[in-house]
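Here are the chains, one letter per residue:
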Amino acid sequence: MDTLGRRFDVKLNDVPDHLLHRSTLLYYVLCALILLATDAPGVLDSYPLSVAVLFWVVGFATYIALYPPALLTVALLQSRFVRIPMPMPLLCVLTLVPSVGLAQTVGDALTGSESHVFAPTRFLTLLLTVHPMETIYSRFVLPKVKEQTTSAKARALLQKPRCVSVGTQRLEVCRILHVAAQEHFIRIQLEDSHILHRARLSDLVAQTEPQDGIQPHRSWWVSRSAKPRLDRDGQRHVLILEDETVVPVARSRLRAIEKWLKDDDANQHMAAAE
């Protein structure tokens, strides 16, 4: 939760991708230049320019390196106790204190002097400089980074052939057009043939990813390879597939279908642009 009370969730396995994203790296450079230029805690008053630059490099690198472990600690505490939002100012302090401490130790060792960057007034000035940078990142940069990271992972899934198990067979998902449940069997329509197998539709759907296709009705699963489009048949909505198969759309799943089609179209346009 940031200073303005806005909550946001970050998945731990996405943190490395977010921190190493191009937009994040550019933001790092901008923040580092601002910190060096403003010299909020007065580092240049204690060290020569070369050591002051090293101070900021060590401190900034340590700060970034400590963020994933800090988030992991928060996640573990939330999983074992009450899920309380972690205020960003507190997270900032927890990572900033050891970062400044290490940077000051390196600077003092190189100059043989004893600086006072950790003095309360100086540290507070630094905190009031760093935390707004965090808030700007979480509010304006991170949402775009998350969107681009998600799209990149979706495209990677689409490019990598994946398979589902049907009895003793392994079928590439990209070959499947649609699957229909028929009593105790499922009818799998492939590009050039079909398979009738005794199985549950839910077992097959569980092996797929959202990018592979969608279940518009409890008895149907439709692949993106079938190139579905939403249409109406009288009072009900249906999906019309490229092979002219008409698939019913449950009213409760209409909104999810519309969103999936919109997202799929956006991913295809993005992939084409690249």
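Each remark here, short or long, concerns the structure printed above.
Residues numbered from 1 in each chain as written. Predicted model: local features only at pLDDT ≥ 70, side-chain atom pairs only at ≥ 80, totals over all residues. Heavy atoms only, no water.

1. Remarks on the sheet that holds strand β10 (residues 246–248)
Thinking step 1. On the basis of which strands lie adjacent, the open sheet formed by 3 strands has the order β8-β9-β10 and antiparallel pairing. The two strands at the open ends of the sheet, each matched to only one other strand, are β8 (229–233) and β10. Strand-to-strand, the axes of this sheet are offset by a mean angle of 40 degrees, without reference to chain direction.
Thinking step 2. One ladder, built from 5 bridges, connects β8 with strand β9 (residues 236–240); its direction is antiparallel. By the bridge assignment, D231 is partnered in β9 with V238. (Pairing = 2+ DSSP bridges. Helix = DSSP H or I, 4+ residues; strand = E, 2+ residues; numbered from the N terminus. Axes fitted to C-alpha atoms, helices over the stretch in contact; angles between N-to-C directions.)

2. So, the pattern of salt bridges
Thinking step 1. Evaluation of the coordinates by the stated rule reveals 6 salt bridges.
Thinking step 2. Close ionic contact of R229 with D231 constitutes a salt bridge, the shortest N to O distance being 3.2 Å.
Thinking step 3. On the basis of relative accessible area, R229 is assigned to the partly exposed category, the value being 47%.
Thinking step 4. Accessibility expressed as a relative area gives 32% for D231, which makes it partly exposed. (Salt bridge = Lys/Arg side-chain N within 4 Å of Asp/Glu carboxyl O. Buried < 20%, exposed > 50% of the residue type's maximum accessible area, 1.4 Å probe, protein only.)

3. Some thoughts on the side chain of T149
Thinking step 1. Following the sequence through the fold, T149 ends up in helix α5 (residues 120–159).
Thinking step 2. The contacts of T149, once residues within four sequence positions are left out, are D17, H18 and H21. (Contact = heavy atoms within 4.5 Å.)

4. A word on the pairing of strand β5 (residues 194–198)
Thinking step 1. Alignment of strand β4 (residues 185–190) against β5, held across 5 bridges, turns out to be antiparallel. Bridged to R187 within β5 is L196.
Thinking step 2. The turn linking β4 back onto β5 is made up of 3 residues.

No statement about biological role is implied by the geometric values presented.
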